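# Architecture at a glance
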Amino acid sequence: VTNSCAVLFPCRCHHCPHLPTRPYEKSEKPCMLSEYRDRYPPYPITPPRDLFKPKKAYKMAQIPMEGISTTKRDYIAHEVLPQKLKPPEKHVKSDESMDLTSTYKQDYNSYPNSQVPPCLPRVTRHIPSAKMDTRTTYEGDYVLWNEPKTELIRPNDRFHPSEEKFDHRTIVQDDYLYRGPVATQSCKPPKLVQKSKAPFENITNYRANYVPHPLEKHYIHKYEKYKVNEVPFDSLTTHKVSYKGLAGQPAKLAKPCNLKLLHDLPFSSTSEFREKYQAWPRPPVFTKKPDAYLPPLEKMDLHTTTQTHYKHPNGKPAKMCQTLAQLKISTEPFSSSSTMKEDYKPWLCKRLKPITCVPELTVPAEPMDFLTTFQTHYVPHPSTVTKSYKPGSSGPKHHTLLDAKTTYATSYTPKGIVRCLASYKHPPGYVFEGTDADGHNLYLPASTSECLQGGH
């Protein structure tokens, strides 16, 4: 497209791409002037039309609901009998004797025990007869010194309380004297309001202007009595009436067929694991024979070190410190009475009976009917026929083929593609007239321009 702008050309696809060339207006937005905007101005947007679909308003049934459910109707309670227990089988004692041997007794045999000889050599110790010195090295080496007692480092107590009598007066009582009350000036504003002596009028605009009106009677809605529908229920739905099942082939079983075994040979006890993985031969276990026990020839010395070292040659049995004269055996019987038994004697109390309430319930003699209030009060009513909202049939359908001809196919014929005149540098049949203030090139048809020149 050239720099020229087709203002008067009948083209709807082009618009002026130039910026305005006025000296007093500077904007970066392009000019959107075109023939399409001039001929077809924007119209107000019309809202879409409302739907003709009826509202889904739930209509509550006027017949009361039945008190019987499908569970109560289909599943009837059966009589439950007590469970029969299988009696335990009686124990029959076998005549065979029990083998009390085990693998432990068979494999692990007992061997005779032998005393282990001592490995340490015998040492003969010399027991001295001299008297033991029980004095320690600390008592012998560390002796007390004969030094005088050190005096305490204590400060000299120079404080002595005064002998004068204390007057119990403080500095505040001596220095701060009471000078009496001070007269201050009140900053409170004076009360300038004067009370009127006239009586108060209790008449208001509401009492004077608003007059009470008599109330209308309250509207009471009268409920209509329920009328039972006399038409029997046909138990047909729109689904059962419209959609009828077609005859089809029965479903085939997807369960695989059981192949019968052709041979009746017994099951072999050999497996691949038993054939390949066989037990290795075990070597005999090495066992060492125990040495024969030889008893010692010498006799055992049963004396301990305590008996040999610590002896009491001058020891005597201990004597009783208390003389026999002080022990007096009393012949009087023992009195088992005490202050507890004399003061606190048991009371003669009777056991109280529990306070039980009188039973208020009386067990009826007649058997229970197992009927609830729901089953007795809610009686089933006949069901009503619901109104079908399915539209009626519009008539018999024609089997003629649809005509493919429309008003658009017959009236609107295809036209050839015409080149836009704005794409020419000098459009044919038009004469350049001038340029406007916005920079648009204006063209006029050649016939109109000749008429204007002839008129002049």
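The model shown is predicted, which means the values in this text are computed figures rather than measured ones.

### Quick notes on the overall build of the chain
For the chain, the count of helices and strands is 13 helices and two strands. When burial is assessed residue by residue, the chain has 4% of its 456 residues classed as buried. Long-range pairs, those at least 24 residues apart, make up 60% of the contacts in the chain between residues at least 6 apart in sequence. Surface accessibility of the chain: about 53700 Å² in total, with carbon and sulfur atoms responsible for 59%.

### Some words on the pattern of salt bridges
Considering all chains together, one arrives at two salt bridges under this definition. Here Arg169 and Asp174 are joined by a salt bridge, their closest N and O atoms 2.9 Å apart. The class for Asp174 is partly exposed, based on a relative accessible area of 42%. A salt bridge links Glu272 to Lys276, with the shortest nitrogen-to-oxygen separation between them at 3.1 Å. Taken together, the residues span about one helical turn, with Glu272 and Lys276 both in helix α8 (residues 272-276) at a distance of four residues. Exposure class is identical for Glu272 and Lys276. Each is exposed.

### Notes on a nonpolar patch on the surface
Together, Val231, Phe233 and Val385 make up a nonpolar patch on the protein surface, roughly 250 Å² of accessible area in all. Locating Phe233 in the fold gives a position in the loop between α6 (205-209) and α7 (238-242).

### Some remarks on the pairing of strand β1 (residues 430-435)
Bridge analysis of β1 against strand β2 (residues 441-445) gives five bridges, and the strand direction is antiparallel. Directly across from Val431, in β2, lies its bridge partner Leu444. In textbook terms, the turn of a hairpin is the stretch between consecutive antiparallel strands, and for β1 and β2 this stretch comprises five residues, one of which, Gly439, has a positive phi near 95°.

### Topic: the side chain of Asn441
Tracing the chain through its elements places Asn441 in strand β2. Assessed through its relative accessible area of 17%, Asn441 is described here as buried. A distance of 3.3 Å separates polar atoms of two side chains, one belonging to Asn441 and the other to Thr435.

### Focus on unusual backbone geometry
We note that Phe370 has phi near 60°; this positive angle belongs to a residue other than glycine. Position of Phe370 relative to the elements: it lies in the loop between α10 (339-343) and α11 (373-377).

### What to know about the confidence of the model for the chain
Predicted confidence across the chain gives a mean pLDDT of 77, with 82% of residues reaching 70 or more. Here helix α13 (residues 446-455) is the element of the chain with the lowest mean pLDDT, 61, and α6 is the one with the highest, 86. The low-confidence segment residues 1-13, where pLDDT is below 50, has 33 contacts with residues more than four positions distant or belonging to other chains.

What counts, and where the lines are drawn
Residues numbered from 1 in each chain as written. Predicted model: local features only at pLDDT ≥ 70, side-chain atom pairs only at ≥ 80, totals over all residues. Heavy atoms only, no water. Helix = DSSP H or I, 4+ residues; strand = E, 2+ residues; numbered from the N terminus. Buried < 20%, exposed > 50% of the residue type's maximum accessible area, 1.4 Å probe, protein only. Contact = heavy atoms within 4.5 Å. Areas by Shrake-Rupley, 256 points an atom, 1.4 Å probe, with all protein chains shown as cover. Salt bridge = Lys/Arg side-chain N within 4 Å of Asp/Glu carboxyl O. Patch = residues over 30% accessible without salt bridge, like charges linked within 9 Å, V, L, I, M, F, W, Y side chains within 5 Å. Pairing = 2+ DSSP bridges. Polar contact = N/O pair within 3.5 Å; in protein donor to acceptor, adjacent residues only side chain to side chain. pLDDT = per-residue confidence, 0-100.

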